[in-house]
Amino acid sequence: ISLTEALVIDPECEIGEEVAESVNFLSFGRRAVLNLRQTLASKILELHKENIYEQYKDKGITKVVGIESRGFILGGALAARLGAGFVMARKPGKLPAETIEETYTKEYGTDCIQIHKDAIDENDVVLLHDDLLATGGTMAATYRLVQKCNPKQAFINFVIELEGLDGRKAFAEGVEVETLLKL
């Protein structure tokens, strides 16, 4: 996509060149900047979805679990792209039917994550997805919760991993954890 296409230039959008202290830059109107951000964000999400799809398309994924709430964004899109069901992992009291839960310790106390009791069974191959691997506590609890349902196999995927926080240590040896970007 070209910059002009991304900006969706219209009469209300002023674009002009300015020079300040020998540095050339473009001065964009507010609408142009918002259009650029939305276009870039949608292209980045599409790229991440396709990269993750390519990684898991041949693994027989039947369910994608997205963790509240940023995991819902790409998790739902991945489920649709993989032809799988989507399962929401949420904080207590937010799911309408009978649930199972896992309580876990965080840096500042305890928390709990739930899924519907009938969301996953022994015939499922599950992809657990969230946007960010930091300390790993929420995903590790979600993984343990999914394991209570005895799926055939479970994979864990993040878009970004903050390596300095050692989040991978939250998972037992042999648990497959993948990320697209390590910072």
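Quick caveat: nothing in here was measured; it's all calculated off a predicted structure.

Engineer: An account of helix 3 (residues 70–82) is needed here, citing residue identities and associated values.
Structural biologist: With 13 residues, helix 3 extends 19 Å between its outermost C-alpha atoms, agreeing within 8% with the 18 Å of an ideal straight helix rising 1.5 Å per residue. Where helix 3 is concerned, the buried positions are Gly71, Leu74, Gly75, Leu78, Ala79 and Leu82. Within helix 3, the buried residues cover an arc of 145° as seen down the axis, which keeps them to one side. The outward face of helix 3, more than 90 degrees from its buried face, is lined by the exposed residues Ile73 and Ala80.

Engineer: Quick one: what's the story with the side chain of Glu102, residue by residue and with numbers?
Structural biologist: Its place among the elements puts Glu102 in strand 5 (residues 99–106). The buried category is assigned to Glu102, whose relative accessible area is 13%. Beyond its immediate sequence surroundings of up to four residues, Glu102 is in contact with Asp111, Cys112, Ile113, Ala141, Arg144, Leu145 and Lys148.

Engineer: So what's going on with the nonpolar core? Residues and values would help.
Structural biologist: Within the largest apolar cluster, 26 residues are counted, with the highest numbers of intra-cluster contacts made by Val65, Ile115, Ile120, Leu128, Ile156 and Phe171. When residues in this core are grouped by element, the largest group, 6 residues, is from helix 4 (residues 137–147). Counting residues in each nonpolar core, the second largest holds 14 residues, with Tyr56, Val64, Leu78 and Ala84 among its members.

Engineer: Account for the packing of aromatic side chains, with residues named and values stated.
Structural biologist: Tallied over the entire structure, the rule returns 2 aromatic pairs. Ring geometry for Phe72 versus Phe86: centroids 6.1 Å apart, planes at 90°, classification edge-to-face. With Phe72 in helix 3 and Phe86 in strand 4 (residues 85–89), the pair connects residues that are 14 residues apart, well separated along the chain. Against the face of Tyr53 rests Arg81, its NZ or CZ located 3.8 Å from the ring centre.

Engineer: Could you give an account of the environment of Leu133, naming the residues involved and the relevant values?
Structural biologist: Among the structural elements, Leu133 can be located in strand 7 (residues 125–133). Judged by relative accessible area, which is 0%, Leu133 ranks as buried. The spatial distance from the C-alpha of Leu133 to the C-alpha of Phe158 is 6.3 Å, given a sequence separation of 25 residues. Apart from residues no more than four positions distant in its own chain, Leu133 is found in contact with Phe158, Ile160, Glu161, Leu162, Gly167, Arg168, Phe171 and Val177.

Engineer: So what about the pairing of strand 6 (residues 109–116)? Which residues, and what values?
Structural biologist: Judged by how many residues are buried, strand 6 sits mostly within the fold: 6 of 8 residues are covered. Two elements, strand 5 and strand 6, share 8 bridges in a ladder whose sense is antiparallel. Directly across from Tyr104, in strand 6, lies its bridge partner Asp111.

Engineer: Lay out unusual backbone geometry in plain terms, naming residues and giving numbers.
Structural biologist: At the junction of Glu68 and Ser69, the peptide bond is cis and its omega measures out at -15° in the coordinates. Structurally, Ser69 can be placed in the loop between strand 3 (63–67) and helix 3. Positive phi, normally seen in glycine, also occurs at Asp166, with a value near 55°. Within the secondary structure, Asp166 is located in the loop between strand 8 (153–161) and strand 9 (177–182). On the accessibility criterion, Asp166 (40% relative accessible area) is partly exposed.

Reading the values: the criteria
- Residues numbered from 1 in each chain as written.
- Predicted model: local features only at pLDDT ≥ 70, side-chain atom pairs only at ≥ 80, totals over all residues.
- Heavy atoms only, no water.
- Helix = DSSP H or I, 4+ residues; strand = E, 2+ residues; numbered from the N terminus.
- Expected span 1.5 Å × (residues − 1).
- Buried < 20%, exposed > 50% of the residue type's maximum accessible area, 1.4 Å probe, protein only.
- Arc of directions from axis to C-beta.
- Contact = heavy atoms within 4.5 Å.
- Core = buried A, V, L, I, M, F, W, Y, C linked by side-chain atoms within 4.5 Å.
- Phe/Tyr/Trp six-rings, centres within 6.5 Å; stacked < 30°, edge-to-face > 60°.
- Lys NZ or Arg CZ within 6 Å of the ring centre and 35° of its normal.
- Pairing = 2+ DSSP bridges.

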